[in-house]
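The primary structure of each chain is shown beneath.
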Amino acid sequence: MDFDSRYQDEKNGPLKKDLRDRLRRFRSLFTLAEIGDTLKFSGPFVSQLLNEKNPARVDSKHIERIVRAIEEGEVKHAKKLGLNKPQHQIGSPTPAYDEKQTLDYHLAAIDALGWKITGLQRKD
């Protein structure tokens, strides 16, 4: 992904405040290390990304991965994060046809709505 002004003020610059705020919401649920694992960054670097006064700069090639991870987390943990409807800004607005046909996709969608399905167990 090339530079996108929705997520950064400048190419290879810090994340915009609204994207940092979306990422900061996960601090109530996860440690910096867990957030970092999801973003494929270290926990201390995530701390620097979230720094208010002097946030760390991010190479623009990582923005798509960061935004996708945030969006997936918002969908998966929408209720815990207090979100009515998660934001979707990157990629296609709807999943690919093959992805829609998976049980995991449907279970995640049901979970995002706050419903639970009991009695299903994954075969290992």
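Cut-offs used in this document
Each residue is numbered by its place in its chain's sequence as written, counting from 1. pLDDT decides what is reported in this predicted model: residues at 70 or higher carry local features, side-chain atom pairs at 80 or more are listed and counted, and totals for whole chains, interfaces and linings draw on all residues regardless. Values shown for side chains rest on all heavy atoms present in the structure; no hydrogens or waters enter the calculation. Each helix corresponds to a stretch of at least 4 residues labelled H or I by DSSP, and each strand to a stretch of at least 2 residues labelled E; elements are numbered beginning at the N terminus. For every accessible area listed, the method is Shrake-Rupley and the probe measures 1.4 Å; residues are considered covered only by the protein chains on display. With axes taken as lines fitted to C-alpha atoms, and helix axes fitted only over the stretch in contact, angles between N-to-C directions fall between 0 and 180 degrees. Just so you know how the angles are binned, under 35 degrees is roughly parallel, over 145 roughly antiparallel, 65 to 115 roughly perpendicular, and the rest oblique. The handedness criterion is simple: a crossing whose near helix is rotated anticlockwise from the far helix by less than a right angle is left-handed, and one whose near helix is rotated clockwise is right-handed. We call two residues in contact whenever any of their non-hydrogen atoms come within 4.5 Å of each other. In the scheme used here, Gly and all other residues not listed as nonpolar or charged are polar, with Ala, Val, Leu, Ile, Met, Phe, Trp, Tyr, Cys and Pro taken as nonpolar and Asp, Glu, Lys and Arg as charged. A pair of aromatic rings is counted whenever rings of Phe, Tyr or Trp (Trp by its six-membered ring) have centres within 6.5 Å, and the orientation is called stacked for planes under 30 degrees apart, edge-to-face for over 60 and tilted otherwise. Charge-over-ring placement is defined geometrically: NZ (Lys) or CZ (Arg) within 6 Å of the ring centre, and within 35 degrees of the ring normal. Any carboxyl oxygen of Asp or Glu that lies within 4 Å of a side-chain nitrogen of Lys or Arg is treated as forming a salt bridge with it. Burial status follows relative accessibility: with a 1.4 Å probe on protein chains alone, a residue under 20% of its type maximum counts as buried, one over 50% as exposed, and anything between as partly exposed. As used here, the term nonpolar core means buried Ala, Val, Leu, Ile, Met, Phe, Trp, Tyr and Cys residues forming a set that is joined through side-chain atoms within 4.5 Å. In this description, the arc belongs to the directions extending from the helix axis to the C-beta atoms. His is not counted, nor are the chain ends; Lys and Arg add positive charge and Asp and Glu add negative charge.

J.: Give a description of the overall build of the protein that names residues and reports values.
T.: Of the regular secondary structure elements, the protein holds 7 helices and 0 strands. Counting every atom, the protein has about 8,600 Å² of accessible surface; 51% of that belongs to carbon and sulfur.

J.: Quick rundown of unusual backbone geometry? Include the residues and the values.
T.: Within the chain, N12 stands out as a residue other than glycine whose phi angle is a positive 60 degrees. For N12, the position within the fold is in the segment before α1 (17–24). The residue K40 is not glycine, and still its phi comes out positive at about 65 degrees. Position of K40 among the secondary structure elements: in the loop between α2 (32–39) and α3 (43–49).

J.: Tell me what's going on with the packing of α1 against helix α4 (residues 63–76), and back it up with residues and numbers.
T.: It is at 10 Å that the axes of α1 and α4 come closest, and there the two elements cross at 45 degrees. It follows from the interaxial angle that α1 and α4 lie oblique. Crossing geometry of α1 relative to α4 is assigned as left-handed. Residue-level inspection shows L19, R22 and L23 of α1 in contact with α4, the latter providing V67, I70, E71 and E74. Classifying every residue of the contact of α1 with α4 by side-chain character gives 4 nonpolar, no polar and 3 charged.

J.: Explain the packing of aromatic side chains to me, using residue names and the numbers behind them.
T.: Aromatic ring pairs are reported here in terms of the distance separating the ring centres and the angle at which the planes meet. Tallying each qualifying case throughout the model produces 2 aromatic pairs. Its guanidinium or amino end placed over the ring of F41, R65 lies 4.9 Å from that ring's centre, counting from NZ or CZ.

J.: Talk me through the pattern of salt bridges; I want residue IDs and the actual numbers.
T.: Once the charged atoms of two side chains with opposite charge are near each other, the side chains can pair. Evaluation of the coordinates by the stated rule reveals 9 salt bridges. Between K16 and D9 there is a salt bridge, and its shortest N-O distance comes to 3.9 Å. For D9, a relative accessible area of 55% corresponds to the exposed category. One salt bridge in this structure joins R24 and E52, with 2.8 Å as the shortest N-O distance. Within this pair, whereas R24 is found in helix α1, its partner E52 is found in the loop between α3 and α4, the two being separated by 28 residues in sequence.

J.: Could you give me a rundown of the nonpolar core, with the residues and numbers involved?
T.: Soluble globular proteins: nonpolar side chains tend toward being buried together. Counting residues in each nonpolar core, the largest one holds 21 residues, and the members touching the most others are L15, L39, I63 and I66. In terms of residue count, the dominant contributor to this core is α4 (5 residues). Setting aside anything within four residues of it in sequence, one finds L15 in contact with Y7, R20, L49, A56, V58, I63 and I66.

J.: Let's hear about α1: which residues, and what values?
T.: Within α1 the residues assigned to the buried category are L19, R20, R22 and L23. An end-on view of α1 places all buried positions within 160 degrees of arc, on one side of the element. In this structure, the buried residues of α1 make contact with α2, α3 and α4.

J.: A description of the side chain of R20 should follow, citing residues and the corresponding values.
T.: Tracing the backbone through its elements, the reader meets R20 in helix α1. An unpaired buried charge is present at R20: no salt bridge exists, and E52, the closest side chain of opposite charge, is 4.2 Å distant.

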